[in-house]
Amino acid sequence: MSIDQRRAPSPDLRTPDLAPVDHGRRLLRLETSRVAALIPVRAVVVSAVLVAVIIAAGLASMTIGAYEVDFPSVIRAIVDPASDPDIRQVVFEWRLPRVLFAVLCGAALALAGGIFQSLTRNPLGSPDIIGFGVGAQFGVTLMMVVLELNTYMFKAVGALVGGLITALLVYVLAHRNTLSSFRLIIVGIGVSAGLGSLTSWILISVSVEKAMMAATWGAGSLASLGFDQLVPAAIVFAVVALASLPLNRTLPVLEMGDDAATALGVSPGRTRLSAMVFGVALVALVTAAAGPISFIALAAPQISQRLTRSNTPMDTVPVMLTGAALVVVSDTLAQLVAVPVGVVTVSVGGIYLAWLLAAQYARRS
Amino acid sequence: MTTLLQARDITLSYSDTPIVSRLTLEVPDDSFTIIIGPNACGKSTLLRGFARLLRPSTGTVLLDGAELRSLKPKDAAKKLGLLPQSSIAPDGITVADLVGRGRFPHQSAMRTWSSTDERAVAEAMAATGVTDLSRRLVDELSGGQRQRVWVAMALAQQTRHLLLDEPTTFLDIAHQIDLMELFADLHRSGTTLVAVLHDLNHAARYATHLVAMRDGEIVAQGDPREIITAELVEAVYDLPCTVITDPVSGTPLVLPLGRRTR
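Residues numbered from 1 in each chain as written. Chains lettered and ligands numbered in written order. Predicted model: local features only at pLDDT ≥ 70, side-chain atom pairs only at ≥ 80, totals over all residues.

**Looking at the overall build of chain A**
Phase 1: In terms of regular secondary structure, chain A is built from 14 helices and 2 strands.
Phase 2: Expected size for 365 residues packed as a compact globule is a radius of gyration near 21 Å; at 23 Å, chain A falls within 12% of this value.
Phase 3: Its C-alpha atoms give chain A principal-axis dimensions of about 80 × 55 × 45 Å.
Phase 4: The burial tally for chain A puts 46% of its 365 residues in the buried class.
Phase 5: Taking contacts inside chain A between residues at least 6 apart in sequence as the whole, the part at least 24 apart equals 72%. (Helix = DSSP H or I, 4+ residues; strand = E, 2+ residues; numbered from the N terminus. Rg over C-alpha atoms; globule rule 2.2 N^0.38 Å. Buried ≥ 20, exposed ≤ 12 C-beta atoms within 10 Å, placed from the backbone. Contact = placed C-beta atoms within 7 Å.)

**Quick look at the overall build of chain B**
Phase 1: If you tally the helices and strands in chain B, you get 9 helices and 12 strands.
Phase 2: Projected onto its principal axes, the C-alpha coordinates of chain B cover approximately 65 × 40 × 35 Å.
Phase 3: Scored against the burial criterion, the 262 residues of chain B give a buried share of 48%.
Phase 4: A separation threshold of at least 6 residues defines the contact pool for chain B, and within that pool the share at least 24 residues apart is 63%.

**Things to note about the sheet that holds strand 2 (residues 17-27) of chain B**
Residue and element names in this part refer to chain B.
Phase 1: The antiparallel open sheet is built from 4 strands, whose spatial order is 2-1-4-5. Each end of this open sheet is capped by a strand with a single partner; those strands are strand 2 and strand 5 (66-67).
Phase 2: Direction of pairing for strand 4 (residues 58-63) relative to strand 5: antiparallel, over a ladder of 2 bridges. Bridging from a neighbouring strand, L63 pairs with A66 of strand 5. (Pairing = 2+ DSSP bridges.)

**Comments concerning the interface of chain A and chain B**
Phase 1: With 37 residues of chain A in contact, the opposing surface of chain B contributes 50 residues.
Phase 2: Put simply, the parts of the chain that give the side of chain A that touches chain B at least two residues each are strand 2 (36-40) and helix 10 (258-263) of chain A.
Phase 3: Across the side of chain A that touches chain B, the residue classes break down as 19 nonpolar, 9 polar and 9 charged. (Nonpolar A, V, L, I, M, F, W, Y, C, P; charged D, E, K, R; others polar.)

**Re the sheet that holds strand 9 (residues 209-214) of chain B**
All names here are of chain B.
Phase 1: In space, the 6 strands of this open sheet follow the order 6-7-8-3-9-10, with mixed pairing throughout. Sheet topology places strand 6 (80-83) and strand 10 (217-222) at the edges, where each strand pairs with a single neighbour. Neighbouring strand axes in the sheet, compared pairwise and without regard to direction, differ in orientation by 15° on average.
Phase 2: In terms of strand pairing, strand 3 (residues 32-36) meets strand 9 through 4 bridges, oriented parallel. Note on strand 9: the bridge partner recorded for I34 is L210.
Phase 3: Each of strand 3, strand 7 (161-165), strand 8 (192-196) and strand 9 is contacted by helix 1 (residues 43-50), which is oriented at about 145° to strand 8, the strand it contacts most. (Axes fitted to C-alpha atoms, helices over the stretch in contact; angles between N-to-C directions.)

**A short note on helix 6 (residues 181-205) of chain A**
Residue and element names in this part refer to chain A.
Phase 1: With 25 residues, helix 6 should reach 36 Å at 1.5 Å per residue; the first-to-last C-alpha distance of 36 Å fits that figure.
Phase 2: What helix 6 keeps buried is the set L184, I185, G188, V191, S192, L195 and T199.
Phase 3: For helix 6, the elements touching its buried residues are helix 3 (85-120), helix 4 (132-146) and helix 5 (152-174). (Expected span 1.5 Å × (residues − 1).)

**Some points on the confidence of the model for chain A**
Phase 1: Averaged over all residues, the pLDDT of chain A is 85; the fraction at 70 or higher stands at 93%.
Phase 2: Note on residues 1-15 of chain A: pLDDT is under 50 here. Beyond four places in sequence and across chains, it has 23 contacts. (pLDDT = per-residue confidence, 0-100.)

**So, the pairing of strand 6 of chain B**
Residues and elements named next belong to chain B.
Phase 1: Residues L80 and L82 line one face of strand 6 and the alternating positions G81 and L83 line the opposite face, and both faces are buried.
Phase 2: Here strand 6 runs beside strand 7; their pairing, made up of 4 bridges, is parallel. Opposite L80, over in strand 7, you have H161 as the bridge partner.

**Concerning the packing of helix 5 of chain A against helix 6 of chain A**
All names here are of chain A.
Phase 1: Axis separation between helix 5 and helix 6 bottoms out at 9 Å; the angle between their running directions is 135°. By the angle class used here, helix 5 and helix 6 are oblique. Here helix 5 and helix 6 pass one another in a crossing that is right-handed. Where helix 5 abuts helix 6, its residues T166, L169, V170, L173 and A174 lie against R183, L184, V187, G188, V191 and L195.
Phase 2: Along the lines of polarity and charge, the residues of the contact of helix 5 with helix 6 split into 8 nonpolar, 2 polar and 1 charged. (Parallel < 35°, antiparallel > 145°, perpendicular 65-115°, else oblique. Left-handed = near helix turned anticlockwise from the far one by under 90°.)

**Considering helix 3 of chain A**
Residues and elements named next belong to chain A.
Phase 1: The terminal C-alpha atoms of helix 3, which comprises 36 residues, lie 51 Å apart, in line with the 52 Å expected from a rise of 1.5 Å per residue.
Phase 2: Roughly 40° is the biggest bend found in helix 3, and it falls at R95, with proline P97 one to four residues downstream.
Phase 3: Of the residues one or two after helix 3, R121 is the one with positive phi, at around 55°. (Bend = angle between axes of the 7 residues up to and from the residue.)

**Side note on unusual backbone geometry**
Phase 1: Residues other than glycine seldom take positive phi values, yet A:R309 does so here, at roughly 55°.
Phase 2: If you trace the backbone, A:R309 turns up in the loop between helix 12 (296-308) and helix 13 (316-336).
Phase 3: At B:E166, a position not held by glycine, the phi torsion is positive, near 40°.
Phase 4: Take B:E166: it is sitting in the loop between strand 7 and helix 6 (173-188).

**Some words on the nonpolar core**
Phase 1: Among the nonpolar cores identified, the biggest contains 176 residues, and A:A108, A:L109, A:L282, A:L285 and B:V99 are the most heavily contacted of them.
Phase 2: Per-element accounting of this core gives the leading share, 17 residues, to helix 3 of chain A.
Phase 3: Beyond its immediate sequence surroundings of up to four residues, A:L285 is in contact with A:A108, A:A156, A:A233, A:V236, A:F237 and A:V240. (Core = buried A, V, L, I, M, F, W, Y, C linked by C-beta atoms within 7 Å.)

**Examining the environment of B:W150**
All names here are of chain B.
Phase 1: Within the secondary structure layout, W150 lies in helix 5 (residues 143-156).
Phase 2: When the C-alpha positions of W150 and S86 are compared, they lie 9.9 Å apart, and in sequence the two are 64 residues distant.
Phase 3: Each residue touching W150, except ones within four places of it in the same chain, is listed here: L83 and S87.

**A short note on the environment of B:Q176**
Phase 1: On the secondary structure map, B:Q176 appears in helix 6.
Phase 2: For the pair B:Q176 and B:A203, spaced 27 residues apart in sequence, the C-alpha separation works out to 12 Å.

**Remarks on the confidence of the model for chain B**
Phase 1: Averaged over every residue, the pLDDT of chain B is 92; residues scoring 70 or more account for 98%.
Phase 2: If you check the scores for this complex, the pTM reads 0.89 and the ipTM reads 0.92.

**Considering the pairing of strand 10 of chain B**
Residue and element names in this part refer to chain B.
Phase 1: With 5 bridges connecting them, strand 9 and strand 10 associate as antiparallel partners. Bridge pairing links M213 to I218 in strand 10.
Phase 2: Hairpin connection from strand 9 to strand 10: 2 residues lie between these consecutive antiparallel strands, with D215 at a positive phi of about 50°.

Below you can see the structure in the form of structure tokens.
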């Protein structure tokens with residue numbers, strides 16, 4: 001006997017006109033024989049607005065610089081290969097990669113933040129706070145300054161290995177029978193403080209030139225990046241982002257606890273492991289290219305969640321767009337006041353973190 | 001005749017300490033099986049073994065003729081559901097969204113929400129009486145309502161078997177009965193239920209098949225009307241008692257003697 005046939009509907013379910021589910025929000029229904037989805041209208045609108053913000057801020061940032069280019073010339077330089085070669089070189093070769101890098105870094109960091117916040121069920125559980133960002137930074141510093149390997153791929157490897165070892169360290173130190181997200185965050189703060197001071201110690205014990213190079217990178221800047229760095233970073237990003245797509249469905253299930261997740265066919269151990277690896281990889285690929293850009297991973301998922309009124313920080317498309325918009329806008333501001341983008345995100349993010357801590361504290365007491 | 005869900009010769013341990021050793025239990029098809037026993041008798045552990053939360057070190061759990069361990073997690077989740085003892089409702093999730101998460105094993109990357117899912121959720125919410133709460137936030141509900149929502153989530157999974165781990169523990173007596181009646185309805189409509197329960201009299205009233213455990217072993221099992229006696233209760237719980245017939249349901253009613261009346 002087949003299992004499904006044996007399920008007779010209960011008496012009160014036999015009503016032929018069962019009312020449709022009241023989801024409490026406007027939804028787009030998509031259903032064909034192969035594809036079926038339910039998409040909140042709000043998420044679509046928010047995503048569209050974010051794309052518009054990214055494009056507008058991106059174009060605006062390309063007009064800024066020592067060589068002034070007005071808005072129409074920027075657009076002409078991008079779309080028309082036959083436009084003024086000087087302007088085209090400035091816009092297309094120098095400024096466009098910077099904007100694309102901002103989009104990529106923002107999206108990658110935001111996705112990493114969404115992954116870790118969902119995993120820890122805590123808005124503080126972002127790679128900035130739990131030390132993986134500092135771990136990646138330590139790895140790159142070691143690569144650049146001590147081993148003197150300064151290409152993107154070496155830095156990426158350094159960032160990935162540094163991030164993963166830190167993740168493992170935090171995980172092992174915080175694990176006691178079960179993994180509490182609170183303990184993970186506390187241990188992560190401790191480990192990142194330790195690694196931060198190790199990084200500083202390396203910088204003061206090497207030559208001034210090397211320390212300057214590492215410090216410039218360590219402020220988090222998109223200024224000197226071109227297409228030759230963008231291409232490898234974009235490839236790595238595309239691979240990791242695609243590989244982490246299944247997490248968009250499994251992580252929200254895991255948020256309900258290991259038992260509920262197992263009952264629903266999600267394997268908690270495997271999901272956690274892949275989430276950790278992909279999350280660290282996303283942070284590492286940004287850190288290797290641009291240095292530490294703080295607080296995007298922390299803030300973007302929360303901002304996106306409030307904009308879309310989603311019930312999980314793991315909502316890939318709007319979260320990545322929010323991150324991209326934040327970094328593109330921050331980088332435009334950074335150019336206006338001539339500081340590295342990392343300085344802008346740290347300043348804005350610091351205020352956000354203070355507010356978040358205050359809000360969490362208020363809820364607990 | 002063998003049953004769809006059974007444990008054969010299983011040993012379940014926590015860090016090398018066996019809690020249940022070499023136990024065999026066939027869950028009768030279409031039954032409302034309730035497992036009772038004192039604290040630490042291994043009843044919850046046994047349920048965790050059935051629920052794929054604990055891997056047996058010996059023996060196997062069979063589901064529909066296949067080894068549960070060899071099934072893909074999602075395939076197992078289409079046949080066997082669980083209402084865990086404690087689950088976490090994500091912040092800001094609505095009732096409809098939480099119940100909808102029960103559809104996970106039936107969905108895929110390309111089909112994240114179909115009309116089948118919609119129907120299953122509507123049915124599960126109607127069956128548990130939470131349809132009117134649909135838009136409410138789970139955090140805002142009372143304990144009894146919240147537990148009904150979790151049951152609805154497990155029902156939306158549309159499994160033939162549903163495991164219940166102490167489902168009434170944190171509820172007051174009215175909500176306990178309310179929920180037990182709901183389970184009895186589910187049982188009548190064709191779901192095989194396996195529950196771990198603390199309340200002996202609720203077990204006696206609602207179970208069609210009662211399993212009494214002590215020290216990781218099954219002491220007795222069968223129709224509660226046939227197996228519940230003062231001797232059995234004393235053997236399982238070390239509790240002197242007398243057993244009368246429940247004037248309401250006609251099932252056995254266990255009355256502990258206590259020190260004063262002895």
